[in-house]
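Fold and geometry: a report
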Amino acid sequence: VHDLDQIRHNLSGHYRLMNDLDMSDVHNWEPIGMDNPFAGIFDGGGHKITGFHFPETLREDVTFALFHVTEHAELRNTIIREPQLVGDEVASDTYRHSAVLAEHVRHTLVENGASIGGQVRVSGMSIGLLGAARSSLVRDSFNSTDAFCMYGNRLLPNVGGIVGHAE
């Protein structure tokens, strides 16, 4: 997990996951690419990432995912099992977006990505795998994560899927 976190120090590098990762003990994850887009290659090698969850304190009006923004990048063979991105009840004027793998992909290849089981539930938009894709190619990807959003005081089920918004 430490090595995954270090990606943010070289956003154009080429990375390959060599083992399954358990992120259960990570209590302050900040998505990779928050200040500058990830522009490298991340290959999950078909290994599983488990225990992915919101940090203990989630800033208001923030998006959350493993990667925040990617641009001219590749995300391949990444499997996230049983993510638990469940937000607290928040004020109706607070709006959060959450996706599992990446919130915004631009000019990015996403191939063989999967979010399996678990749930994403926030006030705002919840997406299983990717939040928004612009000029990107998404192929051979899968989502079975339950996605919900809060609208006012109503919980709306079945929001999202593989890509929430595509251009």
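Scroll up to find the structure.
Small disclaimer: the values here were computed from a predicted structure and weren't measured.

It is worth spelling out the pairing of strand β15 (residues 130-134) at this point. Counting buried residues along β15, 4 of its 5 residues qualify, which places the element largely inside the surrounding structure. As judged from the 4 bridges shared by strand β11 (residues 102-106) and β15, these two strands associate in the parallel manner. For A102, the partnering residue across the bridge sits in β15 and is L130. When β15 meets strand β20 (residues 163-166), the two strands line up parallel, connected through 3 bridges. Note that in β20 the partner of A132 across the bridge is H165.

Before going further, it helps to examine the sheet that holds β15. Spatial ordering of the open sheet is given by β6-β11-β15-β20, a layout of 4 strands whose pairing is parallel. Each of the sheet's edge strands pairs with one partner strand only, and the pair in question is β6 (67-71) and β20. Averaged over all adjacent pairs, the angle separating strand axes in this sheet is 10°, with direction ignored.

The full count for this structure, using the stated rule, is 7 salt bridges. One salt bridge connects D5 with R8, and the closest N-O pair in it is separated by 2.9 Å. The exposure class assigned to R8 is partly exposed, which follows from its relative accessible area of 22%. The salt bridge partner of R76 is E111, with a shortest N-O separation of 3.7 Å. Here E111 lies in strand β12 (residues 109-111) and R76 lies in strand β7 (residues 74-76), a separation of 35 residues in the sequence. In this structure, a network of salt bridges that share partners links the residues E74, R76, E111 and R139.

So, on to the environment of V86. With respect to the helices and strands, V86 occurs in strand β9 (residues 84-86). Among the residues examined, V86 registers a relative accessible area of 27% and is labelled partly exposed. Here the alpha-carbon distance between V86 and A147, two residues 61 residues apart in the chain, equals 9.7 Å. In this structure V86 touches F54, Q119 and R121, once residues within four positions along its chain are discounted.

Turning to the sheet that holds strand β2 (residues 21-22), a few remarks are in order. What the 5 strands build is an open sheet, ordered β2-β4-β8-β13-β17; its pairing is parallel. A single partner strand is all that each edge strand has here, and the edge strands are β2 and β17 (142-143). As defined by bridge partners, strand β4 (residues 48-50) adjoins strand β8 (residues 79-81) across 2 bridges and the pair is classed as parallel. Directly across from K48, in β8, lies its bridge partner I79.

Criteria and cut-off values
- Residues numbered from 1 in each chain as written.
- Predicted model: local features only at pLDDT ≥ 70, side-chain atom pairs only at ≥ 80, totals over all residues.
- Heavy atoms only, no water.
- Buried < 20%, exposed > 50% of the residue type's maximum accessible area, 1.4 Å probe, protein only.
- Helix = DSSP H or I, 4+ residues; strand = E, 2+ residues; numbered from the N terminus.
- Pairing = 2+ DSSP bridges.
- Axes fitted to C-alpha atoms, helices over the stretch in contact; angles between N-to-C directions.
- Salt bridge = Lys/Arg side-chain N within 4 Å of Asp/Glu carboxyl O.
- Contact = heavy atoms within 4.5 Å.

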